[in-house]
Amino acid sequence: MPILKACDLSLAYKNRIVVKDFNAAISKGNIVGLIGPNGSGKTTILRAFSGLIQPIKGTIDIDGKQLSSLSARKRAQMIGWVPQRERLAWPLTVGEVISLGRAPHRGWMLPLTKDDHLVVEQSLSLTDLIGMADRKVDELSSGEFQRVLIARALAQEPQLLLLDEPTSNLDIHYQIEVMDLVLRLVKKKEISVVVAIHDLAIAARYCDRLVLLHKGEKICEGTPCDVLTTDNMKLAFNVIANLYRDPYHQWAISARNGCG
Amino acid sequence: MNIKNSARFELAIGILIFSLLAVLMLSFGVGAVRLSSMDVISALVDDEAKNWQRSIIWDFRLPRVLLVSLCGAALASAGVGFQGLFRNPLADPYVVGASGGAALGATLAAIFRFSDYPISLGLGALVGSLLAVLFVFMISEISSFGSIAGILLAGSAMSTMLSAVVTLLLLLNDEVLHGIYAWLLGSFSSANWSQLKQTCILAPPGMICTWLMARSMDALASGEESAHALGLNLRKARLIIVLGSSMATAAAVSVSGIIGFIGLIAPHLARALIGANHKSVIPVSMLLGSLLLLVADDLARTLMAPLEMPVGIFTALLGGPLFLYLLQKGGK
């Protein structure tokens, strides 16, 4: 059974329809990338998966249960969300931010237990943040802060992790670091990941499957090799693109604008 | 909270409790009639002490000093609540219109002679404060100025309007005006046991509500989307925070009038001392609020003794510059 299943999903802001009749099934232990040009609906789909917006049509099932029927707390126990960016109103410490990930399990008023602290410790160590628990988040680099947000989502012990453009604010070093981290997590914790991502080379390298969106509709789904074809790239991005293996046997992509 | 932070928190709490006790003792002694600390202690514990001294302590200073401490703590906890709710370091009960709403509510209750029932002033203040805050919240949500400017603009417009209405009402009902004028400026000069009782009904539940929402406010600090993703029921959490902070505001305003800036300064000092975690910020702010308001009230009583100045003047002198400093820092 897939961990997440979306059926005939239509999503809208106010009255503007952004995503039309979207279908997808996310298998356990997979990293699925949502790709497509700006405004194609990647982030909107993620927001619907996280329960932030209600679909105007269609259903989303999480582990066989309808998402809209889950309580906020139950949902947060199953789904972790890593926003593209976040600005904290006050500089909490790294440890305090990550501890918030325990709220879905412990509630909002009871003190955290020993087990909770253990999970927080594990999240710190998985994201390579050990020793930084007392640092204030406004003193961190953007790469470190991105890891803190991932660690907070991990502390929720979710089965599904949603990442919104996790690499878009980072330089290439941190981009690779964060995506390596996601890959490690999927292997170690057997969670599934849906990631909205701009960078096609990174998407090809790290995702098991890609979903290509164009103007709110899915135009192709499959392995990176199946999806990132010259025809699809021309259709979605209006570029002439070439997917190839670089000398390290990693996916790389070269592109030039299609009109020229 | 880890060991280093919790040690810091405990140290801060210890020092503040000690300072509070010291200032409390000092506050018993100062005023129109000066009493030495020996006089104070003997009046408190010794039945044989001079009658007039016992009367000063038991009938005037003890209820006043307790009332001031309680109001200081209540205003501080309301300040933390409103700042957490609006994610805005410049919010406080005065800025978001809660104090103004509470003052109007209490004035109406006084004019309609509900004041024979002691709790009615507090309830009137609570209703006024709730309505004002909800209104400011709605306006700031839909304003085009961005959230920080939106709240400041909506809140200050609201406060000005409300205080104009209060002034008008008092002018039209001049027999009430006499007793209520000092109250309006922010003062504890008429503090007594029945006011203390009234404050005890609303302030502690308000402060407890706010404290119970500590972790929720930590989550709200990350923004709506993240708080939602962490499983927080935003509507419910906000409602409880508004309720708790309004209760605390109403408790203070209904006995002492509008006293600005305590709700602004105390949380800021607390964050500077022990970090931003609300579970620590709330108790430390409350102690700081008591301490600051006690000192301000002592100054108000002594600087021009035997005349009394409204305590609001001193909190404004302390808090105004801080507010401007935070504003020029861009509300960071």
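In what follows, the accompanying structure is described. Bear in mind that the values here come from a model prediction, so they are computed numbers and not experimental data. Here, residues in each chain are numbered from 1, in the same order as that chain's written sequence. Think of it this way: whatever chain is written first is A, whatever ligand is written first is 1, and the rest follow in order. Reporting of local features is limited, given that this is a predicted model, to residues whose pLDDT is at least 70; pairs of side-chain atoms are given and counted only at 80 or more, and all residues count toward the totals for whole chains, interfaces and linings.

1. Some thoughts on the environment of A:Gln250
All names here are of chain A. Cut-off, in case you're wondering: What counts as a helix is a DSSP run of H or I of at least four residues, what counts as a strand is a run of E of at least two, and both are numbered from the N terminus. By the criterion used throughout, residues are in contact when their C-beta atoms, derived from the backbone, lie within 7 Å.
Relative to the helices and strands, Gln250 is located in the loop between strand S11 (239–245) and strand S12 (251–257). In this structure, the C-alpha to C-alpha distance between Gln250 and Ala72, residues 178 residues apart in sequence, is 40 Å. Once residues lying within four places of it in the same chain are set aside, the contact partners of Gln250 are Arg205 and Arg245.

2. Digging into the interface of chain A and chain B
Defined as follows: Under the grouping applied here, Gly and all other residues not named as nonpolar or charged are polar, the nonpolar ones being Ala, Val, Leu, Ile, Met, Phe, Trp, Tyr, Cys and Pro and the charged ones Asp, Glu, Lys and Arg.
Facing the 26 residues of chain A at the interface are 24 residues of chain B. Within the residue set of the side of chain A that touches chain B, elements represented by two or more residues are helix H2 (72–78), helix H3 (94–99) and helix H4 (103–106) of chain A. Ranked by the residues each element gives to the side of chain A that touches chain B, the list is headed by H2(A), at four residues. Of the residues belonging to the side of chain A that touches chain B, the class tally is 16 nonpolar, four polar and six charged.

3. Brief notes about the sheet that holds strand S7 (residues 160–164) of chain A
Pairing between the strands of a sheet comes from backbone hydrogen bonds, and it takes one of two forms, parallel or antiparallel. All names here are of chain A. Keep this limit in mind: What makes two strands pair is DSSP finding at least two bridges between them. The axes used here are C-alpha line fits, helices contributing only the stretch in contact, and every angle between their N-to-C directions lies in the interval 0 to 180 degrees.
Sheet architecture is open: six strands sit in the order S6-S7-S8-S3-S9-S10, paired in mixed fashion. Two strands bound the open sheet, and with one partner strand each, they are strand S6 (79–82) and strand S10 (217–222). Each strand axis lies, on average, 15 degrees off the axis of its neighbour in the sheet, ignoring direction. Pairing of strand S9 (residues 209–214) with S10, which is carried by five bridges, proceeds in the antiparallel orientation.

4. Overview of the sheet that holds strand S5 (residues 65–66) of chain A
Residues and elements named next belong to chain A. Reading across from one edge, S2-S1-S4-S5 is the order of the four strands in this open sheet, with antiparallel pairing throughout. The two strands at the open ends of the sheet, each matched to only one other strand, are strand S2 (16–26) and S5. Alignment of strand S1 (residues 4–13) against strand S4 (residues 57–62), held across five bridges, turns out to be antiparallel. If you follow Cys7 over to S4, its bridge partner there is Thr59.

5. Details of the environment of A:Val227
Residue and element names in this part refer to chain A. Definition in use: Residue burial is a threshold on neighbouring C-beta atoms within 10 Å of the residue's own C-beta, all placed from the backbone, with 20 or more meaning buried, 12 or fewer meaning exposed, and counts in between meaning partly exposed.
On the secondary structure map, Val227 appears in helix H9 (residues 224–227). Assessed through the 24 C-beta atoms surrounding it within 10 Å, Val227 is described here as buried. On a C-alpha basis, the gap between Val227 and Arg209 in space is 8.7 Å, while along the polypeptide they are 18 residues apart. Leave out the neighbours within four places in its chain, and Val227 touches Leu210, Leu212, Cys220, Glu221, Gly222 and Asn232.

6. Topic: the pairing of S9(A)
A regular strand carries its side chains on alternate faces of the sheet. Bridge count for strand S3 (residues 31–35) of chain A against S9(A) is four bridges, and the pairing is parallel. Looking at the pairing, A:Ile35 lines up with A:Leu212 of S9(A).

7. Remarks on the packing of helix H4 (residues 98–111) of chain B against helix H11 (residues 234–256) of chain B
Residue and element names in this part refer to chain B. What counts here: Note on angle classes: values under 35 degrees are labelled roughly parallel, values over 145 roughly antiparallel, values of 65 to 115 roughly perpendicular, and the remainder oblique. The handedness criterion is simple: a crossing whose near helix is rotated anticlockwise from the far helix by less than a right angle is left-handed, and one whose near helix is rotated clockwise is right-handed.
Where H4 meets H11, the axes come as close as 9 Å, and the angle between the chain directions of the two elements is 55 degrees. Between H4 and H11, the angle falls in the class oblique. For H4 against H11, the interelement crossing comes out right-handed. Only Ser245, Ser246, Thr249, Ala250, Val253 and Ser254 of H11 make contact with H4, whose side of the interface consists of Ala98, Ser99, Ala102, Ala103 and Ala106.

8. Comments concerning unusual backbone geometry
All names here are of chain A. One non-glycine residue, Asp21, adopts positive backbone phi at about 45 degrees. Given 13 C-beta atoms within a 10 Å radius, Asp21 is considered partly exposed. Although it is not a glycine, Asn238 adopts a positive phi angle of roughly 55 degrees. Looking at the secondary structure, you find Asn238 in the loop between helix H10 (230–237) and S11. Residue Asn238 is classed as exposed on the basis of its C-beta count, with 11 C-beta atoms lying within 10 Å.

9. Description of the nonpolar core
Counted only if it meets this: To count as a nonpolar core, a set of buried Ala, Val, Leu, Ile, Met, Phe, Trp, Tyr and Cys residues must be joined through C-beta atoms within 7 Å.
Counting residues in hydrophobic clusters, the biggest one holds 174 residues, and the most contacted among them are A:Leu162 and B:Ala74. No other element matches the 17 residues that helix H3 (residues 51–86) of chain B contributes to this core. The residues contacting B:Ala74, other than those within four sequence positions of it, are B:Ala203, B:Gly206, B:Met207, B:Ala248, B:Ala251 and B:Ala252.

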